[in-house]
Amino acid sequence: MNFMLLLREDLQAAKDQDPAASSLLAVAFLYSGVHAVWSHRVAHALWQHRRLKGAARLISQLSRSLTGIEIHPGATIGRRLFIDHGTGIVVGETAEIGDDVLMYQAVTLGGRALNRTKRHPTIGNRVMLGAGAKILGPVVVGDDSAVGANAVVVRDVPAQSVAVGIPALTRPKDPAAPAEPRKDFLDPALLVPAGSPSAP
């Protein structure tokens, strides 16, 4: 994948998913979430080389200081990740994030173990992670799912599902809900079918 194409896609994803974005130029200069993703792409490339891991960590820490977003250089992120607002986000070393993911502020993709194994979450494609969501351990959030604000996810979330609450309860998406909540700016809790015990 061409590195410049990745950067252009990141810009366009932010522009497409933020109604406040006035232009690609504004996004490039003003959006800390985009800056954090770009810094991570550089740091992750360096992380692949044993002798450059220190430089990768330095870049990630500088990015954290500038953006308030901490992404370990070992984490793997896909194409067109959009981090909206972003302050307080933490993404652990073995986390994996798919394509077209929308992530709001204070999300944690954290670990629950100290051993050097896969200990952070895997986030599928086209997933929305609400503000303050905590996804902990080597769980999988399936494609086209949504995690509600402040939910604490410690078990796998199937594809096409909604996870809300503490600990998060998972339900299939309401079939009447919009197909792409990332583009409709819905609270994931609104995607839970009416009458569900996990509905607000």
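It should be noted that the structure appears before, not after, this text.
Predicted model only: the values in this text are computed from it and were never measured.

**Q** Pulling in residues and values, what's your account of the nonpolar core?
**A** The nonpolar side chains of a soluble globular protein tend to be buried, and buried together. One finds Ile97, Met103, Leu109, Ile123, Leu129 and Ile135 to be the most contacted residues of the largest nonpolar core, which totals 29 residues. Beyond its immediate sequence surroundings of up to four residues, Ile97 is in contact with Thr76, Ile77, Gly78, Leu81, Val91, Met103, Leu109 and Ile123. The next biggest cluster of nonpolar side chains, apart from the first, holds 11 residues, and it includes Leu11, Val27, Leu102 and Tyr104.

**Q** So what about a nonpolar patch on the surface? Which residues, and what values?
**A** A cluster of nonpolar residues, Phe3, Met4 and Val42, forms a patch on the protein surface that exposes about 260 Å² of accessible area. Structurally, Phe3 is set in helix α1 (residues 3-17). Residue classification places Phe3 among the partly exposed positions, given a relative accessible area of 36%.

**Q** A description of the pairing of strand β15 (residues 169-172) should follow, citing residues and the corresponding values.
**A** As paired strands, strand β14 (residues 161-164) and β15 are joined by 4 bridges and run antiparallel to one another. From the neighbouring strand, Ser161 faces β15, where its bridge partner is Pro172. Taken together, β14 and the strand that follows it, β15, pair antiparallel across an intervening segment of 4 residues, in which Gly165 is found at a positive phi of about 105 degrees.

**Q** Can you tell me about the packing of aromatic side chains, naming the residues and giving the values?
**A** Scanning the entire structure with this criterion turns up 0 aromatic pairs. The cationic tip of Lys53 hangs over the ring face of Trp47; the distance from NZ or CZ to the ring centre is 4.0 Å.

**Q** For helix α3 (residues 32-47), give the residues involved together with the corresponding values.
**A** In this model, α3 (16 residues) spans 22 Å end to end at C-alpha, consistent with the 22 Å of a helix rising 1.5 Å per residue. Those residues of α3 that fall on the buried side of the exposure criterion are Gly33, Val34, Ala36, Val37, His40, Arg41, Ala43 and Trp47. In this fold, the buried residues of α3 make contact with α1, α2 (24-30), α4 (53-67), β1 (70-71), β2 (76-77) and β3 (82-83).

**Q** Can you break down the side chain of Asp10 residue by residue, with the values?
**A** Looking at where Asp10 falls in the secondary structure, it is placed in helix α1. Overall, Asp10 belongs to the buried group, its relative accessible area being 1%. A polar contact of 3.5 Å, which involves the side chain of Asp10, links it to the side chain of Trp38. Excluding residues within four positions of it along the chain, Asp10 makes contact with Val34, Val37, Trp38, Arg41, Arg80 and Leu81.

**Q** Can you break down unusual backbone geometry residue by residue, with the values?
**A** Here the amide bond leading from Ile166 into Pro167 is cis, since omega sits at -15 degrees, within 30 degrees of zero. With respect to the helices and strands, the residue Pro167 is situated in the loop between β14 and β15. For His85, which is not glycine, the phi dihedral falls at a positive 70 degrees. Exposure remark for His85: the relative accessible area of 54% places this residue in the exposed category. The backbone of Arg126 sits at a positive phi, close to 60 degrees, despite the residue not being glycine. Considering the arrangement of structural elements, one finds Arg126 in the loop between β8 (122-123) and β9 (128-129).

Rules behind the numbers
Residues numbered from 1 in each chain as written. Predicted model: local features only at pLDDT ≥ 70, side-chain atom pairs only at ≥ 80, totals over all residues. Heavy atoms only, no water. Core = buried A, V, L, I, M, F, W, Y, C linked by side-chain atoms within 4.5 Å. Buried < 20%, exposed > 50% of the residue type's maximum accessible area, 1.4 Å probe, protein only. Contact = heavy atoms within 4.5 Å. Patch = residues over 30% accessible without salt bridge, like charges linked within 9 Å, V, L, I, M, F, W, Y side chains within 5 Å. Areas by Shrake-Rupley, 256 points an atom, 1.4 Å probe, with all protein chains shown as cover. Salt bridge = Lys/Arg side-chain N within 4 Å of Asp/Glu carboxyl O. Helix = DSSP H or I, 4+ residues; strand = E, 2+ residues; numbered from the N terminus. Pairing = 2+ DSSP bridges. Phe/Tyr/Trp six-rings, centres within 6.5 Å; stacked < 30°, edge-to-face > 60°. Lys NZ or Arg CZ within 6 Å of the ring centre and 35° of its normal. Expected span 1.5 Å × (residues − 1). Polar contact = N/O pair within 3.5 Å; in protein donor to acceptor, adjacent residues only side chain to side chain.

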